Amino acid sequence: ADPAQSPDYGRIINDTHVDRLSALLKNCSIVVGGQIDRNNRYIAPTIIDNPNVDSPLMQEEIFGPLLPVLSYDTIGQAISFIQNQPK
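Residues numbered from 1 in each chain as written. Predicted model: local features only at pLDDT ≥ 70, side-chain atom pairs only at ≥ 80, totals over all residues. Heavy atoms only, no water.

Student: What exactly am I supposed to notice about unusual backbone geometry here?
Tutor: Trans peptide bonds make up most of the peptide bonds, and negative phi angles are found at most residues other than glycine. In this model, arginine 41 sits at a positive phi of 50°, which is unusual for a non-glycine residue. Its place among the elements puts arginine 41 in the loop between strand 2 (36–37) and strand 3 (42–43). With a relative accessible area of 31%, arginine 41 lands in the partly exposed category. Notably, asparagine 50 is not glycine yet its phi reads approximately 40°, a positive angle. (Helix = DSSP H or I, 4+ residues; strand = E, 2+ residues; numbered from the N terminus. Buried < 20%, exposed > 50% of the residue type's maximum accessible area, 1.4 Å probe, protein only.)

Structure, rendered in C-alpha cells:
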C-alpha cells in the first residue's frame, strides 16, 4: 500500500541521480506520486500528465520511477508522434 515502506521497492542508486530525477519533475503536472525523500534516496512511483515534449523529461532517458503520459484523440495521432521521434 505504501511503496516508501516496502522492502521490495528499490531506491535510487545515489544522491546525484535523486537530484537529476527531481529536476525532471520541475514544472510538470503530477497526477500521482512525486514524493521525494533525498535522505533515503526514495522517489515515489510518479505519473506525469502531458509533459511538454521538449522538456528534459521527454528528451532524456529516465531510469527512475517516473512515467510521462501523453493524451491523443486518435490512435493515428499517437502513431504519428512516435514515428516522428528520433528514438
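After that view, the rundown keeps rolling.
Student: Sorry if this is basic, but what is going on with the sheet that holds strand 4 (residues 46–49) here?
Tutor: Strand pairing in a sheet takes place through backbone hydrogen bonds and is either antiparallel or parallel in direction. Strand order in the open sheet formed by 3 strands is 1-4-5, with mixed pairing between adjacent strands. A single partner strand is all that each edge strand has here, and the edge strands are strand 1 (29–32) and strand 5 (66–69). Pairwise comparison of adjacent strand axes, ignoring direction, gives a mean angle of 35° for this sheet. Across 4 bridges, the pairing between strand 4 and strand 5 is parallel. Counted as the bridge partner of threonine 46 is leucine 66 from strand 5. (Pairing = 2+ DSSP bridges. Axes fitted to C-alpha atoms, helices over the stretch in contact; angles between N-to-C directions.)

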